[in-house]
Amino acid sequence: MSGGGGAYIEGGIVTFTDCNIHGNTAYGYGGGVYIHDSPVTFTNCVIHNNTAHGSLEMGWSRIDQSFGGGLIIRSDAEVTLNGCNIYKNTADLGGGAFIQTSRVMLSDCNIYQNTAKNKDYFSGKKLPGGGGAYIESSATVTSINSKMYGNTGAL
């Protein structure tokens, strides 16, 4: 598995306060941050200008699309974002965030100007993308006083 250009978190308890996660790149998962099965809290953080790329050959495996330009949250993670801005991130699915089988709480956050390219590199088909966020049915997301605007995820 490849991912977490800025931070890769698996199984730890992590708190970010007044942080700036930007300009990172990963292949496959989480250009800025990869979170797997961990409780993580972000307070007054900025996650911007991160990119998750697809189409990576890894010997026995191939990642054909990318997930979560800003961050990917998956596999029973519990994530809280308070007063955060997530913007100008890019991935194939979930430009700002890709959320799968996890619980997320957004409070006073802004998710804007993110881009989902909606491309499956292997098949060449367009996929539904979620410019701001791609939220799978296995996830639970609660949003309080947060805004999502100006994101792109065209088919």
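This text goes with the structure placed above it.
Quick caveat, the model's predicted, so the values are computed rather than measured.

Focus: the sheet that holds strand 7 (residues 46-48)
For step 1, the next point in the chain: A sheet is described by the order of its strands in space; here five strands give the open sequence 3-7-13-17-21, paired in parallel fashion. The outermost strands of the open sheet, each flanked by one partner alone, are strand 3 (20-22) and strand 21 (147-149). This sheet shows a mean twist of 5 degrees between the axes of neighbouring strands, independent of strand direction.
For step 2, the next point in the chain: Both strand 7 and strand 13 (residues 85-87) contribute to a ladder of three bridges, which runs parallel. When the bridges of strand 13 are listed, Ile47 appears paired with Ile86.

Let's talk about the environment of Tyr149
For step 1, the next point in the chain: Inspection of the secondary structure puts Tyr149 in strand 21.
For step 2, the next point in the chain: As for Tyr149 and Gly132, which are separated by 17 residues in sequence, their C-alpha atoms are 7.5 Å apart.
For step 3, the next point in the chain: In contact with Tyr149, other than residues within four places in its own chain, are Asn110, Ile111, Tyr112 and Gln113.

Here's the deal with the nonpolar core
In summary, soluble globular proteins display a tendency toward joint burial of nonpolar side chains.
For step 1, the next point in the chain: The biggest cluster of nonpolar side chains holds 25 residues, and the ones touching the most others in it are Ile35, Phe42, Leu71, Val79 and Leu81.
For step 2, the next point in the chain: Of all the secondary-structure elements, those providing two or more residues to this core are strand 1 (7-10), strand 5 (33-36), strand 6 (39-43), strand 11 (71-74), strand 12 (78-82), strand 15 (97-100) and strand 16 (103-107).
For step 3, the next point in the chain: If we skip the residues at most four places from it in the chain, Leu71 touches Gly30, Val33, Ile35, Phe42, Ile47, Ile86, Gly96, Ala97 and Phe98.

What counts and what doesn't
Residues numbered from 1 in each chain as written. Predicted model: local features only at pLDDT ≥ 70, side-chain atom pairs only at ≥ 80, totals over all residues. Heavy atoms only, no water. Pairing = 2+ DSSP bridges. Helix = DSSP H or I, 4+ residues; strand = E, 2+ residues; numbered from the N terminus. Axes fitted to C-alpha atoms, helices over the stretch in contact; angles between N-to-C directions. Contact = heavy atoms within 4.5 Å. Core = buried A, V, L, I, M, F, W, Y, C linked by side-chain atoms within 4.5 Å. Buried < 20%, exposed > 50% of the residue type's maximum accessible area, 1.4 Å probe, protein only.

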